[in-house]
Amino acid sequence: MKIIRSIQDMQSYTMRLQMQGQSIGFVPTMGALHEGHRSLVRRARDENDIVVVSIFVNPLQFGPKEDYKRYPRRFAQDEALLVKDHVDVLFAPGADAIYPQGYTTVVDVPALTRTLCGPFRRGHFQGVATVVAKLFEIVQPTRAYFGEKDYQQIRVIARMIDDLAMPVRLVACSTVREKDGLACSSRNRYLSRKEREEAIKLYQALYLGRELIDQKIMLNPQKLVRRLMDVLKTIPHGRVDYLSVVDPVTLEPMKRIHRPALLAGAIWIGKTRLIDNVIIP
Ligand code: AMP
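Conventions adopted
Residues numbered from 1 in each chain as written. Predicted model: local features only at pLDDT ≥ 70, side-chain atom pairs only at ≥ 80, totals over all residues. Heavy atoms only, no water. Helix = DSSP H or I, 4+ residues; strand = E, 2+ residues; numbered from the N terminus. Expected span 1.5 Å × (residues − 1). Buried < 20%, exposed > 50% of the residue type's maximum accessible area, 1.4 Å probe, protein only. Contact = heavy atoms within 4.5 Å. Near = heavy atom within 4 Å. Polar contact = N/O pair within 3.5 Å; in protein donor to acceptor, adjacent residues only side chain to side chain. Areas by Shrake-Rupley, 256 points an atom, 1.4 Å probe, with all protein chains shown as cover. Salt bridge = Lys/Arg side-chain N within 4 Å of Asp/Glu carboxyl O. Phe/Tyr/Trp six-rings, centres within 6.5 Å; stacked < 30°, edge-to-face > 60°. Lys NZ or Arg CZ within 6 Å of the ring centre and 35° of its normal. Pairing = 2+ DSSP bridges. Axes fitted to C-alpha atoms, helices over the stretch in contact; angles between N-to-C directions.

Enquirer: Just checking my understanding: could you explain helix α6 (residues 151–163) for this structure?
Expert: Side chains that are three or four residues apart share a direction in an α-helix, a result of its 3.6 residues per turn. For α6, which comprises 13 residues, the first-to-last C-alpha distance of 18 Å matches the rise-based estimate of 18 Å (1.5 Å per residue) to within 8%. Burial runs high along α6: ten of the 13 residues are buried. For α6, the complete set of buried residues consists of Tyr151, Gln152, Gln153, Ile154, Arg155, Val156, Ile157, Ala158, Met160 and Ile161. Those residues of α6 that are buried are in contact with α5 (124–139), β5 (143–147), β6 (169–173), β8 (261–269) and β9 (272–280). Within two residues after α6, Ala165 carries a phi angle of roughly 50°, on the positive side.

Enquirer: Explanation requested: the site of the ligand in the structure shown.
Expert: Not every one of the 17 residues close to the ligand is listed here, only the nearest: Met30, His37, Asp150, Val176 and Cys184. One of the backbone N or O atoms of Gly147 is found 3.0 Å from an oxygen atom in the ligand. Taking 490 Å² as the accessible area of the ligand by itself, protein coverage stands at 93%. Of all the elements in the fold, those that place two or more residues in the shell around the ligand are β2 (24–29), α2 (35–47) and β5.

Enquirer: What is the right way to read the pattern of salt bridges from this model?
Expert: When the charged atoms of two side chains with opposite charge come close together, those side chains can pair. Applying the stated criterion across every chain, the model contains 15 salt bridges. When the shortest N-O distance is used, the salt bridge between Arg45 and Asp88 registers 2.9 Å. Within this pair, whereas Arg45 is found in helix α2, its partner Asp88 is found in the loop between α3 (75–84) and β4 (89–91), the two being separated by 43 residues in sequence. You can call Arg45 partly exposed: its relative accessible area is 23%. By relative accessible area, which is 24% here, Asp88 ends up partly exposed. Salt-bridge contacts for Arg239 lead to Asp241; the nearest nitrogen and oxygen are separated by 3.8 Å. Counted as one network, the salt bridges with shared partners bring together Glu35, Arg38, Arg42 and Asp85.

Enquirer: What should I look at first to understand the packing of aromatic side chains in this one?
Expert: The way to describe two aromatic rings as a pair is by their centre distance and the angle between their planes. If you walk through the whole model with that rule in mind, you get seven aromatic pairs. Measuring from ring centre to ring centre gives 5.7 Å for Tyr203 and Tyr207, while their planes differ by 50°; the resulting arrangement is tilted. Of this pair, Tyr203 and Tyr207 are both found in helix α7 (residues 193–214), four residues apart, which corresponds to roughly one turn of the helix. Take Tyr203: its relative accessible area is 15%, and that puts it in the buried class. Of the aromatic side chains, those joined through ring pairs into one cluster are Phe56, Tyr99 and Tyr103. Stacked on the ring of Phe75, the Lys or Arg Arg5 has its end atom at 4.9 Å from the ring centre. One residue, Arg70, lies across the ring of Tyr190, its end atom 3.9 Å from the ring centre.

Enquirer: Can you walk me through the environment of Val57 in this structure?
Expert: The residue Val57 is located in the loop between β3 (50–55) and α3 in this model. Given the relative accessible area of 10%, Val57 is considered buried. Through-space distance from the C-alpha of Val57 to that of Val132 is 12 Å; in sequence the pair is 75 residues apart. Beyond its immediate chain neighbours, meaning those up to four positions away, Val57 contacts Met30, Phe62, Tyr68, Tyr71 and Arg73.

Enquirer: Whenever I open this one, the side chain of Asp276 confuses me. Can you help?
Expert: Here Asp276 is to be found in strand β9. The class for Asp276 is buried, based on a relative accessible area of 4%. Polar side-chain contacts of Asp276 include one of 2.8 Å to the side chain of Arg177.

Enquirer: Would you mind showing me how to read unusual backbone geometry here?
Expert: Leave glycine aside and you will find that most residues have negative phi; peptide bonds, for their part, are mostly trans. In the segment running from Arg259 into Pro260, the intervening peptide bond is cis, with an omega of 0°. Tracing the backbone shows Pro260 in the loop between β7 (238–246) and β8. Although it is not a glycine, Ala32 sits at a positive phi angle of roughly 50°. Structurally, Ala32 can be placed in the loop between β2 and α2. On the basis of relative accessibility, which here comes to 0%, the residue Ala32 falls in the buried class.

Enquirer: Help me out: how do you make sense of the sheet that holds β6 in this one?
Expert: Each strand in a sheet pairs with its neighbour through backbone hydrogen bonds, running either in the same direction (parallel) or in the opposite one (antiparallel). With respect to topology, six strands assemble into an open sheet ordered β1-β4-β3-β2-β5-β6, the strand pairing being parallel. Two strands lie at the open edges of the sheet, namely β1 (2–4) and β6, each paired on one side alone. Shown here is a sheet whose adjacent strand axes are inclined to one another by a mean of 25°, direction ignored. Two strands pair when backbone bridges link them, and β5 and β6 are joined in this way by five bridges, in the parallel orientation. Directly across from Gly147, in β6, lies its bridge partner Cys173. Against the sheet, α3 contacts β1, β3 and β4, and its axis sits at roughly 170° relative to β3.

Now the structure itself:
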């Protein structure tokens, strides 16, 4: 596996591949890789000639009080995993390569960031869209792989790709979960043993919600959310940012639940913020 750190080296590498007519599958990550990331890598491996994975902890998508500094960085372990998964290139630029002195351009997708995580993480999706746009410019992928665990992120990037006519195909991949249902996340490492036990309640609440909708037992969103909040309230150190039923395309809250629907939530357990969602097709 080749490790590339400079933008120029990455661009000349992909330009060569494109001239040879090779397809490039791209998996952008912030590292601290887990089975969720690996499922994206495997899918990219299956569908492309060349697989590029980036590791970049993007300062622009963290708020001033968020966990940028303590975000887990485990480059050596990540590198070993990517070698095992037959990745061709690991692109790992530094923050000053991506955002050199004087950097000012941003990409904003306002309509899709007014709900769900948007109001709780001001500027987050602008940071995400900006870095993904820049990474696309550098890597020039044929296909880019994203996880449905970050559902709102997928919608924002899909909109950006359409709006800016970017020549890349977005591939959405299902959420990978631990045995008990907790969505794999780099932030799960922050959880103490006790918190890890409590974290499962988010998925349990979403799962219950899906059952209640599936069986048409509860189609009033307010009532449904109240019922699910009863589950989340049993977490001793938990705090709910939101739990919402939204349209999976516009991400607007539903007045009465119809299908398809997205049930999504974000909770704090101690100092760790976790998100998860279920799609009701
Ligand atoms: P991150 O490193 O958290 O920025 O995530 C990089 C990519 O992996 C994003 O597209 C995420 O949506 C995806 N991802 C993270 N966790 C999971 C998971 N549990 N299942 C599937 N994809 C995931």
